[in-house]
Every structure is written in C-alpha cells, then in structure tokens.
Amino acid sequence: MSASRRLTRELADLLESGKKKTWCNIQASDESIMVWKILLVPERPPYNKGAFRIEVNFPDEYPFQPPKVIFKTKIYHPNIDEKGLVCLPIINSDNWKPTTSTEKILEALVGILHEPEPEHPLRADLAEEFVTDHKKFMKTAEEFTKKNAEKRPA
C-alpha cells in the first residue's frame, strides 16, 4: 500500500471515530496528504489551560519510516525543544514499526504531555526542574501555557 493510500485511510478512520477529545481539527495540508495539522487538547494540568497546534510530516517511505512531529505552538516541556521537536520513543527510528498507526502516535504524544519523561529530555534544564522542584515546574508550565497556547475549542 502506498503512503498516500494508507494516510488517506488513517485520516478517514481518525475523522470517523471522532471520539477523542484530546485531539481535534485533524486535517491534511491543502498541498499534500503527507502533512497533517492537528490541535492537541490535553486533559491534565499544566497543559489543560490551552491547546497546542502540531504538524505531522510523513516521509515518502511511510510506513517504513516514521513521521516527524513538530509542535507549532510553544510549550514548556522537557521532552519538546524550543524548535518544537519531540523526543517520542514510538517515532524513534530504532523503535519504529510499520504497523504503528497515527492514532497510536497521537496517543503516545498525549501520554508524554500528561506524563513527561525527564530521563529522556531534549531540555535538560526543564527535566531537572521537573524532578527537583515539581511544584515550580507545574506553575511555570501552566503560566507558559496560558500565555502561549491557543484557546481550547468549546
């Protein structure tokens, strides 16, 4: 199955299910089915004060190569760097399996938002703060979210 056929099917399945509240507004780019724009709506503090726009870029070799996930909305998180790149084990080349669906990637992404992994940081300073001064981390992340995140959909 070609990448575009699989992605068309996955997109249709995600849109049809529509039951997930933690992501919405899923759409393929006007230019290509290989680029998706999604709004993440986390349910737990400190990120539940806003919504986060992400972009998922699928390579031509998909599903044999993993997609790249980029946060377009700034976020205060140890596993997401200042450029929006994400440390997410499920899409690491060494761990990638062609049977992994985009829905599973989104579930893992929401999971890492709800439960950061300070042992695999892209921002060591935030990982250290998360571990050593969790209360300060949560307060700063919530304030950062209120300032930088998009409004949550009604």
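None of the values given here were measured: they were computed from a predicted structure.

### Some details on the pairing of strand β3 (residues 52-57)
As paired strands, strand β2 (residues 35-40) and β3 are joined by six bridges and run antiparallel to one another. In the strand pairing of β3, Trp 36 is matched with Val 56. Relative to strand β4 (residues 68-71), β3 runs antiparallel, the two being bridged by four bridges. Its bridge partner lying in β4, Glu 55 is registered against Ile 70.

### Brief notes about the pattern of salt bridges
For side chains bearing opposite charge, pairing can occur when the charged atoms are close. Counted by the stated rule, this structure contains nine salt bridges. The salt bridge involving Glu 55 is made with Lys 37; its shortest N-O contact spans 2.9 Å. With Glu 55 in strand β3 and Lys 37 in strand β2, the pair connects residues that are 18 residues apart, well separated along the chain. We classify Lys 37 as partly exposed; its relative accessible area is 30%.

### Here's the deal with the packing of helix α1 (residues 3-17) against helix α2 (residues 102-114)
Where α1 meets α2, the closest approach of the two axes is 9 Å, and the angle between their N-to-C directions is 55°. Here α1 lies oblique to α2, going by the angle between them. The residues of α2 that touch α1, namely those facing Leu 7, Glu 10 and Leu 14, are Thr 102, Glu 103 and Leu 106. Looking at side-chain class alone, the contact of α1 with α2 contains three nonpolar, one polar and two charged residues.

### Observations concerning the UniProt feature "active site" (unreviewed entry) in the protein chain
UniProt's feature table lists "active site" (unreviewed entry) at Cys 87, given in the numbering used throughout. Checked against the element boundaries, Cys 87 lands in the loop between β4 and α2.

### Focus on the sheet that holds β3
Pairing within the open sheet is antiparallel, and its four strands lie in the order β1-β2-β3-β4. Sheet topology places β1 (23-28) and β4 at the edges, where each strand pairs with a single neighbour. The average angle at which neighbouring strand axes cross in this sheet is 20°, direction not considered.

### What about the pairing of β1?
Here β1 pairs with β2 via four bridges, running antiparallel. Bridged to Gln 27 within β2 is Lys 37. Counting the residues that bridge the hairpin from β1 to β2 gives six residues.

### Digging into the environment of Leu 85
Looking at the secondary structure, you find Leu 85 in the loop between β4 and α2. With relative accessibility at 40%, the residue Leu 85 sits in the partly exposed group. Measuring from C-alpha to C-alpha, the distance between Leu 85 and Lys 72 comes to 9.3 Å, with 13 residues separating the pair along the chain. Leaving out residues up to four positions away in the same chain, Leu 85 has contacts with Val 69, Ile 70, Asn 79, Ile 80 and Leu 122.

### As for the nonpolar core
Formed by 36 residues in total, the largest nonpolar core has its most connected members in Trp 36, Ile 38, Leu 40, Ile 54, Phe 71 and Leu 109. For this core, the secondary structure elements donating two or more residues are α1, β1, β2, β3, β4, α2, α3 (124-132) and α4 (134-148). Of the residues forming this core, the biggest block, six residues, is contributed by α2. If we ignore the near neighbours within four places in the chain, the residues touching Leu 109 are Leu 40, Ile 54, Val 69, Phe 71, Val 86 and Leu 88.

Criteria and cut-off values
Residues numbered from 1 in each chain as written. Predicted model: local features only at pLDDT ≥ 70, side-chain atom pairs only at ≥ 80, totals over all residues. Heavy atoms only, no water. Pairing = 2+ DSSP bridges. Helix = DSSP H or I, 4+ residues; strand = E, 2+ residues; numbered from the N terminus. Salt bridge = Lys/Arg side-chain N within 4 Å of Asp/Glu carboxyl O. Buried < 20%, exposed > 50% of the residue type's maximum accessible area, 1.4 Å probe, protein only. Axes fitted to C-alpha atoms, helices over the stretch in contact; angles between N-to-C directions. Parallel < 35°, antiparallel > 145°, perpendicular 65-115°, else oblique. Contact = heavy atoms within 4.5 Å. Nonpolar A, V, L, I, M, F, W, Y, C, P; charged D, E, K, R; others polar. UniProt positions renumbered as here; feature names shortened; annotations may be inferred. Core = buried A, V, L, I, M, F, W, Y, C linked by side-chain atoms within 4.5 Å.

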